[in-house]
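Residue strings, one per chain:
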Amino acid sequence: FLRTWLLGLPLFALVTWIYWSTPADWVFERLMPEGDASLAASERTGRWLETMRSVLYIISLWKIEIILDLARASLVVGQRTSAFLAMFRGIGFFTRTPFHVFGILLMSFGLELLWVGCMEALRTTLDWPIWTLLLLLPLGRHVLRGARYIALARYYAARTSDDVSVTEDEDGAQEMPEMAF
């Protein structure tokens, strides 16, 4: 986990630089007078461009997080050690099956949002103190993030041929191989 996270930090910094520094300023100079959203022909145009930049930035950060998660899955399923090569395997796997991966991650993020909403609803209806929320929110998010990692690792194992195969027991239920979680 730490190795892929350390490799991901420069990617996060690069995306932040692209969207909020010189490259984005260059694009804004081409689209608006003097590159300032407040000087645009209409307020709506400037606000639309700023909103689009923010949305594209968040989507880019999310894609990097997805690639890091897939790199971790590659390390775990294949019992490999090179995080650098796992990043490239994660990029390749994501480009081959983006909709399936997005589906898994949207479900997991939906569960995390549901957890946050339920904890806030419990706190307000049961009149719990705020410190209970401070303890329960991180606990639930870590459990759900672990479930997301497991779901991605199982999906990665089922979709790749890393000498990992899904077997069926005598009842016809599928069994995943032992992985180094």
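It should be emphasised that the depicted structure is a prediction, and the values quoted were computed from it without experimental measurement.

*Asks:* Even after reading the chapter, I still don't get the nonpolar core, so can you show me in this structure?
*Replies:* Generally speaking, nonpolar side chains in soluble globular proteins are found buried as a group. Core analysis: the biggest nonpolar cluster contains 14 residues, and Ile-66, Leu-70, Phe-93, Val-101 and Leu-152 have the highest contact counts within it. Elements that contribute at least two residues to this core include exactly helix 3 (43-77), helix 4 (83-96), helix 5 (98-125) and helix 6 (130-159). Examining the composition of this core, we find that five residues originate from one element, helix 6, more than from any other. Residues within four places of Val-101 in sequence aside, it is in contact with Ile-66, Leu-70, Phe-93, Phe-94, Leu-152 and Tyr-155.

*Asks:* Is there a simple way to think about helix 3 in this case?
*Replies:* Structural remark: α-helix, 3.6 residues per turn; residues separated by three or four positions point the same way. If you check helix 3, its first and last C-alpha atoms are 51 Å apart, about what 35 residues at 1.5 Å a residue would give, namely 51 Å. In the segment just after helix 3, Gln-79 is the residue with positive phi, at about 50°.

*Asks:* When you look at the confidence of the model for the protein in this model, what are you seeing that I'm missing?
*Replies:* Any residue range with low pLDDT should be treated as having predicted coordinates unsuitable for detailed reading. On average, residues of the protein score 82 in pLDDT, and 82% of them reach the 70 mark or higher. Ranking the elements of the protein by mean pLDDT puts strand 2 (residues 174-175) last with 58 and helix 5 first with 90.

*Asks:* It is not clear to me how the pattern of salt bridges should be interpreted in this structure. Could you clarify?
*Replies:* When the charged atoms of two side chains with opposite charge come close together, those side chains can pair. Evaluated as defined, the whole model comprises seven salt bridges. Of the charged contacts, one joins Arg-148 and Glu-65 as a salt bridge, the two residues approaching to 3.1 Å between their closest N and O atoms. Residue Arg-148 is found in helix 6, and its partner Glu-65 is found in helix 3; the two are separated by 83 residues along the sequence. A residue is classified by how much of its surface remains accessible, and Glu-65, at 25% relative accessible area, is partly exposed. One connected set of salt bridges, linked through shared partners, spans Glu-65, Asp-69, Arg-72, Glu-112, Arg-141 and Arg-148.

*Asks:* Please explain the packing of helix 3 against helix 6 as it appears in this structure.
*Replies:* Following both chains from N to C, one finds helix 3 and helix 6 inclined at 65°, their axes separated by 9 Å at the closest point. Note that helix 3 runs across helix 6; the crossing there is right-handed. Mapping the contact onto sequence places Glu-65, Asp-69, Leu-70, Arg-72, Ala-73, Ser-74 and Val-77 in helix 3 and Arg-148, Tyr-149, Leu-152, Ala-153, Tyr-156 and Ala-157 in helix 6.

*Asks:* How should I be thinking about the side chain of Thr-97 in this particular structure?
*Replies:* Examined against the element boundaries, Thr-97 turns out to sit in the loop between helix 4 and helix 5. Not counting residues up to four positions away in its chain, the partners in contact with Thr-97 are Tyr-155 and Arg-159.

Rules used in this analysis
Residues numbered from 1 in each chain as written. Predicted model: local features only at pLDDT ≥ 70, side-chain atom pairs only at ≥ 80, totals over all residues. Heavy atoms only, no water. Core = buried A, V, L, I, M, F, W, Y, C linked by side-chain atoms within 4.5 Å. Buried < 20%, exposed > 50% of the residue type's maximum accessible area, 1.4 Å probe, protein only. Helix = DSSP H or I, 4+ residues; strand = E, 2+ residues; numbered from the N terminus. Contact = heavy atoms within 4.5 Å. Expected span 1.5 Å × (residues − 1). pLDDT = per-residue confidence, 0-100. Salt bridge = Lys/Arg side-chain N within 4 Å of Asp/Glu carboxyl O. Axes fitted to C-alpha atoms, helices over the stretch in contact; angles between N-to-C directions. Left-handed = near helix turned anticlockwise from the far one by under 90°.

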